[in-house]
Amino acid sequence: MRLSRFFLPILKENPKEAEIVSHRLMLRAGMIKQQSQGIYSWLPLGKRVLDKVNAVIREEQNRSGAIELLMPTLQSAELWQESGRYDAYGKEMLRIKDRQDRAMLYGPTNEEMITDIFRSYVRSYKDLPLNLYHIQLKFRDEIRPRFGTMRSREFLMKDAYSFDLSREGAEHAYNRMFAAYLRTFSRLGLQAIPMRADTGPIGGNLSHEFIILADTGESEVFCHKDFLTFGVPGEDTDFEDVAGLQAIFDKWTSRYAATSEMHDAAAFEAVPEGDRVSARGIEVGHIFYFGTKYSEVMGAKVQGPDGKEHAVHMGSYGIGPTRLVPAIIEASHDENGIIWPKAVAPFDVTVINMKTGDAACDAACEKLYGALTRAGIDTLYDDTDERAGAKFATADLIGVPVQVIAGPRSVAAGEIEIKDRKTGARETLTIEAAINRLASGN
Ligand code: ATP
Ligand code: MG
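Cut-offs used in this document
- Within each chain, residues carry numbers counting from 1 in the order of the written sequence.
- Going through the entries in the order they are written, you letter the chains from A and number the ligands from 1.
- Only residues with pLDDT of at least 70 get local features here, since the model is predicted, and only at 80 or more are side-chain atom pairs given and counted; chain-wide, interface and lining totals rely on the full set of residues.
- Excluding hydrogens and water, the side-chain values take into account all heavy atoms of the structure.
- Only one rule defines a salt bridge in this text: a Lys or Arg side-chain nitrogen within 4 Å of an Asp or Glu carboxyl oxygen.
- In DSSP terms, a helix is any run of H or I states spanning at least four residues, a strand is any run of E spanning at least two, and both are numbered starting from the N terminus.
- When a residue's accessible area, from a 1.4 Å probe over protein chains only, is under 20% of the maximum for its type it is buried; when over 50% it is exposed; and in between it is partly exposed.
- Because water is not among the atoms used, a metal site may look incomplete, as its donors are only the N, O and S atoms within 2.8 Å, or 3.2 Å for Na, K and Ca.
- Identification of polar contacts relies on pairs of N or O atoms within 3.5 Å, with a donor-acceptor requirement for protein atoms, meaning one able to donate a hydrogen and the other able to accept it, and with residues adjacent in sequence counted only if both atoms are side-chain atoms.
- Should any heavy atoms of two residues lie within 4.5 Å, those residues are counted as being in contact.
- Pairing between two strands is assigned when DSSP locates at least 2 bridges connecting them.
- Helix axes are fitted only over the stretch in contact, all axes being lines through C-alpha atoms; the angle between N-to-C directions runs from 0 to 180 degrees.

> Tell me about the pattern of salt bridges, and please be specific about residues and values.
Inspection of every chain in the model, using the stated rule, returns 29 salt bridges. The shortest N-O distance in the salt bridge between Asp159 and Lys138 comes to 2.9 Å. With Asp159 in strand 8 (residues 154-164) and Lys138 in strand 7 (residues 130-139), this pair connects stretches of sequence that are 21 residues apart. Comparing Asp159 with Lys138 shows no difference in burial state: the two are buried. A network of salt bridges, in which partner residues are shared, links Glu59, Glu60, Arg63, Arg183 and Arg187.

Here's what the structure looks like:
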């Protein structure tokens, strides 16, 4: 992508409305634009990052055996009257009337709708286990939307729903998602800690929130410091292995970890003082097992091996991609801007032409840009007329992991400079060597 042809509305000034660093950097880097309170457009740079986050989430959901579908944002109130949540949900739910005066709503979550899909098609235990997920916008009319897309009213959620014949089956489904979540957050460069959680309006009895530690987090959290060094399940994790997944769950719940709502001061005091971590955290995921709460009232039943009808055991599992983007920035930035982990970077490499219009610089940059692009390296080429200093500032701000800097002096010697955005380390290479190195993905 040539920057002169891209849409990257960088802000020079710090936006006054932004209270935390991720919100400030997302606005300054032209990633998002507020359209009305708590409702955002994702501009091209932000959209690229969001797509990458979604891709990691999707890969790990698929790996764990979940199957993707897509449900609508608008739902009929009737479904929610069946479950009893239409009145219970309160003012967070945006209620709408269509032209026939039918009561509709903008979905804050999809338990009712997925239960309706399930009961329409599945009749036998032989079709279980089943886990269906989608990545779709939700609307919750939050009292205090704030911090940009960290807490917005319209936001994206990956929500998965599991169906099993028995509680044991449902616990295995829960453990699958538990392991998939550990892998997902780790691939996004985040250290997420599962904490026992309250089940809230979803209901049920087994629930964990996945929290990343950050000073700007809204939750107050308490945990054992071992969580900071536990290894996450590998790519070879066998999601069919019931005992293996139970062992992962047992390990990751073997130490104290709780948010303030579930905090047990006495249990925390029992942790050796040097091992106690009390900090602030951001909730990036939340998983629930709630048994037959919806299947019972909505008639989602299957025939068991005993020939009888059984209400299915269900769980639901959420991750917030539009919250994860700022959460990643909270965890990875410096005074100059964002430092993207490779997995979610909007571009792999940025080529900075220090003197656009200089024939030798232009030729060297075109050669680099062409060769990297052909090698499948997603490259942003800063071919604009800005001063070199402004180009460096933009590159640091938008956080592309590798900068390739071509100035008249180095180009005259057939060389360019490579800068690592994270460490600041610089290296001078010939243009050929730089192409070979970057094209091979190192
Ligand atoms: P919170 O406690 O932060 O209000 P929640 O517990 O109501 O969130 P869940 O119903 O558990 O949220 O939703 C699953 C996931 O969706 C959360 O873990 C979070 O990542 C994301 N999420 C929820 N509400 C918002 C929001 N207002 N803005 C952005 N992401 C959100
Ligand atoms: Mg939650």
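Next comes the rest of the account.
> Any chance you could break down the coordination of the magnesium ion (ligand 2) for me, citing the residues and the numbers?
Taken together, the protein ligands of the magnesium ion (ligand 2) are Glu283 (OE) and His286 (ND1), with distances of 2.1 to 2.4 Å. Residue classification places Glu283 among the partly exposed positions, given a relative accessible area of 25%.

> Give me the lowdown on the side chain of Ser83, citing residues and values where you can.
With respect to the helices and strands, Ser83 occurs in helix 3 (residues 77-83). Exposure remark for Ser83: the relative accessible area of 17% places this residue in the buried category. A distance of 2.6 Å separates the side chain of Ser83 from the side chain of Glu112, its partner in a polar contact. Not counting residues up to four positions away in its chain, the partners in contact with Ser83 are Glu112, Tyr294, Val297 and Met298.

> Report on the sheet that holds strand 6 (residues 103-106), specifying residues and quantitative values.
Either a parallel or an antiparallel arrangement is found when strands of a sheet pair, and the pairing is made through backbone hydrogen bonds. Spatially, three strands are ordered 4-6-5 in an open sheet, and the strand pairing comes out antiparallel. In the strand order of this sheet, the two ends are held by strand 4 (74-76) and strand 5 (94-97), each with one partner. Strand-to-strand twist of the sheet, defined as the mean angle between neighbouring strand axes without regard to direction, takes the value 40 degrees. Here four bridges tie strand 5 to strand 6, and the two strands are oriented antiparallel to one another. The residue of strand 6 that forms the bridge with Arg95 is Leu105.

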